[in-house]
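# Overview (structure and organization)
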Amino acid sequence: MMNLLVIFVALPLFAAFALPVIGRLLRRGFDILSVIVTASLSACALYIIFNPPVFPLVYSMGSWQAPFGITWLLDPLSAFMLIAVNVITFFVTVYSVNYMEQYTGKWKYYCLLMLMLAGLNGVVLSADIFNLYVFLEIVAISSYALVAFGTEAEEVEASFKYMILGSIASAFILIGIGFLYAKTSTLNMFDMADALSKSALNSRLLIFVSALFITGFGLKSALVPFHAWLPDAHPSAPAPISAMLSGLVIKTIGIYALARIFFNVFGINSVTSELLLALGGVSMFVGVILAIGQWDFKRLLAYHSISQIGYVVCGIALGTPLGIAGGIFHLLNHSVFKSLLFLNAGSVEYATGTRDLKKSGNLQESMPHTSWTSLVASLSIAGVPPFCGFWSKLVIIIALFQANRPFYAALAILVGLITLGSFLKIQKYVFYRKIKEKFLRIKEAPVFMRLSMMGLAVLCLVIGIFFKPFFGKIIMPAAETLRAGREYFIMILGG
Amino acid sequence: MNGMSLIVKRVTRYTVGLILLYGLYIVLHGHLTPGGGFAGGVIIALSFIHFVLAFGREEARKSVPERLLFLGESLGAIFFLAIGLLGITAGFFFLNFIAGAGTPFRLFSAGTIPFCNIAIGIKVGTGLFSIFIALSVFKLAREEGKK
Amino acid sequence: MIIFIMDIALFLTGFYALLMKRNLIKKVIGFGIMEYAVNLFLILVGYRKGAEAPILSGKITDVLFVDPLPQALILTSIVIGLGVTALMVALCIRLYQRYGTFDIAEIRRLRG
């Protein structure tokens, strides 16, 4: 069981380098190999959730124990993020079997996708702060290359903008790590929590490092005012990569890393909590207001991503058990339905060749699968029962009321209503409108794209219906590890 | 891309081998002196680039075929991962399972570390040279597009 | 202390070049300077007064060494910086092919 953890990083890395050599031997060898790798990783992640070992599980690389060596941590939060990462990557890989036929050099796409998957798994599992930085850089570099995959003019421009802002963020994070190492002279997160708890809580160095980390990780997760790269990068990428970026990357290297460091290593205090709550509230509002005037399908979805990430940060920044649980649950739900929405947008673009809302219409008859899954995802993001989005938004709003912040709760409800209006607009313009010049010969999307979209829609429904056992068994233990804060890591160091 | 003058070509014939040898020395002695896989790999790549700069791309293409670069990159990374995965047989990932098999401060010591250095040296050497070739191909296409 | 201030000045120089210069290649150079400044800061964290380079040689045993861990960290960081720089330069070449200019004020097709 202990050695199973290694598979999550070693197998995609092995596949990324062996794919060009081995994949040429079979016909369609690249597709088969990538789908097998992601399917087996999802099976491993599901096995960990349904047969949980004794948490927390600490794995030391090369048997060098903490604080000398690099350790990996498997606790309920990591297991939960592993499911989110691997299952959604599996669906995206199945989708891209058909979608990436439009691009040349499909094997390069699969290599970069496997590298990104290895990096995402590594960020989630790592319990050593420099190891987290290295895997974060692997994810960032492969995402810069994947956004520019089509090498048309707009894609390269968007990728360059993303690359400049992303490298500034990485530089800030590295300076923060340098300061932390100077203060605590260790890189292991357990040891760092122990060393930081023995010094003064509000020392100036800690405030400076917190500011650096909020800037760095906030830029990676597209909080306002660091969101400038997202509306350019997400629409220009190929559709499965937009789904991966918006559904996984900004959450794992942005919000998961932020939560892990701020809750478990620094210990959350009221100043940080207020600041993150304010940033989350502004993100919610600005994202949705900017999305109202958009007529490009994927750009609208990208602005809605900013707004939903604001929900997640508001939930997590509260610090109460219900708030953190709501935030984490909304993180998973957003991964599922936002990926599904981006895959739908890609399917519409594959069939009709345009992303403009004003030019498309009447796709309900010619693309029924895309239309029904898009309806499921839109109702989910708007928060309509019994889909999954309703439960997570409800939990966040209840937690905001309970923590005595009626302003943020009212803002969340208002933003939810505007989101509903925005997605009804998409449904009307793309699928249900009768236009004079009909699109001739519009066929439904090919079989693998349909399968993956239906799989994600079923997942939306299942999480919504079986909400209670899911919440109790998986989400609440994960929220508990964050709420326990610094003491949790000090306990792991001792035990 | 054309080569340089006759004097440069004559001197390069001698220095390419020396630079390659120096790079291999840094890779192999990575556990004793500063350097190791990455620094040695960069110097190996430099020797190839030195060759291309002096002789021109057509000549270099005959000596270093592109299949070899491609294979070198993939095999270097797979070899490194395989060393790590072999550590599982002794308990943990990346465990140094043949440490203590030699005497310290000699060339044959420190377990799996020299093998890791060799794998990284091959990968970095071929990888950097591939980046150089890829970037110079763009220049060629743009010049032809203008004419 | 003075060397930390010089390091911060180097970082701010690179940051200024990355943000304010209009030519794409100057932005890449600014990123390179910024990367070097951050690596230098990490090495300076590990310095001890009057210490030797941390290489064991089997003869001398009782000597003060500087901290070797940040040196391993910056090796990794230099490799990452190399990867990002190579990708940036490749993107600059592609941008020149598509737009015909290196000036960032003209490369603004994405709006809204």
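Conventions adopted
- Residues numbered from 1 in each chain as written.
- Chains lettered and ligands numbered in written order.
- Predicted model: local features only at pLDDT ≥ 70, side-chain atom pairs only at ≥ 80, totals over all residues.
- Helix = DSSP H or I, 4+ residues; strand = E, 2+ residues; numbered from the N terminus.
- Rg over C-alpha atoms; globule rule 2.2 N^0.38 Å.
- Contact = placed C-beta atoms within 7 Å.
- Buried ≥ 20, exposed ≤ 12 C-beta atoms within 10 Å, placed from the backbone.
- Nonpolar A, V, L, I, M, F, W, Y, C, P; charged D, E, K, R; others polar.
- pLDDT = per-residue confidence, 0-100.
- Pairing = 2+ DSSP bridges.
- Core = buried A, V, L, I, M, F, W, Y, C linked by C-beta atoms within 7 Å.
- Axes fitted to C-alpha atoms, helices over the stretch in contact; angles between N-to-C directions.
- Parallel < 35°, antiparallel > 145°, perpendicular 65-115°, else oblique.

## Things to note about the overall build of chain A
Check the secondary structure of chain A and you find 20 helices and two strands. What you see for chain A is a C-alpha radius of gyration of 22 Å, in line with the 23 Å of a compact globule of 495 residues. In terms of overall dimensions, chain A has C-alpha extents of about 70 × 60 × 45 Å along its principal axes. Put simply, of all contacts in chain A between residues at least 6 apart along the chain, 80% involve residues at least 24 apart.

## Considering the overall build of chain B
Within chain B, the secondary structure is distributed over five helices and zero strands. For chain B, the α and β elements follow one another from N to C terminus as α-α-α-α-α. Counting over 147 residues, chain B shows a buried share of 32%. For chain B, contacts bridging at least 24 residues in sequence account for 69% of all contacts bridging at least 6.

## Regarding the interface of chain B and chain A
Taken together, the 14 residues of chain B in the interface contact 13 residues of chain A. Of the residues contributing to the side of chain B that touches chain A, the split by class is nine nonpolar, five polar and no charged.

## Focus: unusual backbone geometry
Residues and elements named next belong to chain A. A cis amide bond, omega 10°, links Val 224 with the succeeding residue Pro 225. By the element assignment, Pro 225 lies in the loop between helix H8 (204–220) and helix H9 (230–236). Cis geometry is adopted by the peptide bond preceding Pro 386, which originates at Pro 385 and carries an omega value of 0°. Within the secondary structure, Pro 386 sits in the loop between helix H15 (368–382) and helix H16 (388–402). For Ser 185, which is not glycine, the phi torsion reads 50° and is therefore positive. With respect to the helices and strands, Ser 185 occurs in the loop between helix H6 (153–184) and helix H7 (189–197). Accessibility expressed as a C-beta count within 10 Å gives 15 for Ser 185, which makes it partly exposed.

## A look at the confidence of the model for chain A
Of all residues in chain A, 97% have pLDDT values of 70 or greater, and the mean over the chain is 86. When mean pLDDT is taken per element in chain A, helix H5 (residues 129–147) of chain A scores highest with 93 and helix H14 (residues 363–366) of chain A scores lowest with 76.

## Structural notes on the pairing of strand E2 (residues 71–74) of chain A
All names here are of chain A. Here E2 shows two buried faces, one formed by Thr 71 and Leu 73 and the other by Trp 72 and Leu 74. In this structure, strand E1 (residues 57–60) lies alongside E2, joined through four bridges in antiparallel fashion. Paired with Leu 57 across the strands is Leu 74, a residue of E2.

## Focus: the nonpolar core
Counting residues in hydrophobic clusters, the biggest one holds 241 residues, and the most contacted among them are Met 114 and Cys 460 of chain A. Element by element, the count of residues in this core is highest for helix H10 (residues 239–266) of chain A, at 19 residues.

## Description of the interface of chain C and chain A
Tallying the contact residues gives 27 residues for chain C and 28 residues for chain A. Elements supplying a minimum of two residues to the side of chain C that touches chain A: helix H2 (24–45) and helix H3 (69–99) of chain C. Examining the composition of the side of chain C that touches chain A, we find that 14 residues originate from one element, H3 of chain C, more than from any other. Across the side of chain C that touches chain A, the residue classes break down as 18 nonpolar, four polar and five charged.

## Details of H7 of chain A
All names here are of chain A. Most of H7 is tucked away: seven of the nine residues are buried. Of the positions making up H7, those classed as buried are Met 189, Phe 190, Asp 191, Met 192, Ala 193, Asp 194 and Leu 196. Where H7 is buried, its residues contact H5, H6, H10 and helix H20 (486–494).

## Let's talk about the packing of H5 of chain A against H6 of chain A
Any two packed helices are characterised by the angle at which their axes cross and by the distance between the axes. Residue and element names in this part refer to chain A. The interhelical angle for the contact between H5 and H6, taken along N-to-C directions, is 175°, at an axis separation of 9 Å. For the element pair H5 / H6, the angle class is roughly antiparallel. Residues Ile 129, Phe 130, Tyr 133, Glu 137, Ala 140, Tyr 144 and Val 147 of H5 touch H6, and the partners they reach there are Glu 155, Ala 158, Ser 159, Tyr 162, Met 163, Gly 166, Ser 170, Ile 173, Leu 174, Ile 177 and Leu 180. Across the contact of H5 with H6, the residue classes break down as 13 nonpolar, three polar and two charged.

## Digging into the environment of Met 88 of chain C
Relative to the assigned elements, Met 88 of chain C resides in helix H3. Owing to 22 C-beta atoms within 10 Å, Met 88 of chain C belongs among the buried residues under this scheme. In sequence terms Met 88 of chain C and Phe 31 of chain C are 57 residues apart; their C-alpha atoms lie 9.7 Å from each other. With near-sequence residues (within four places) excluded, Met 88 of chain C lies in contact with Met 163 of chain A together with Val 28 and Phe 31 of chain C.

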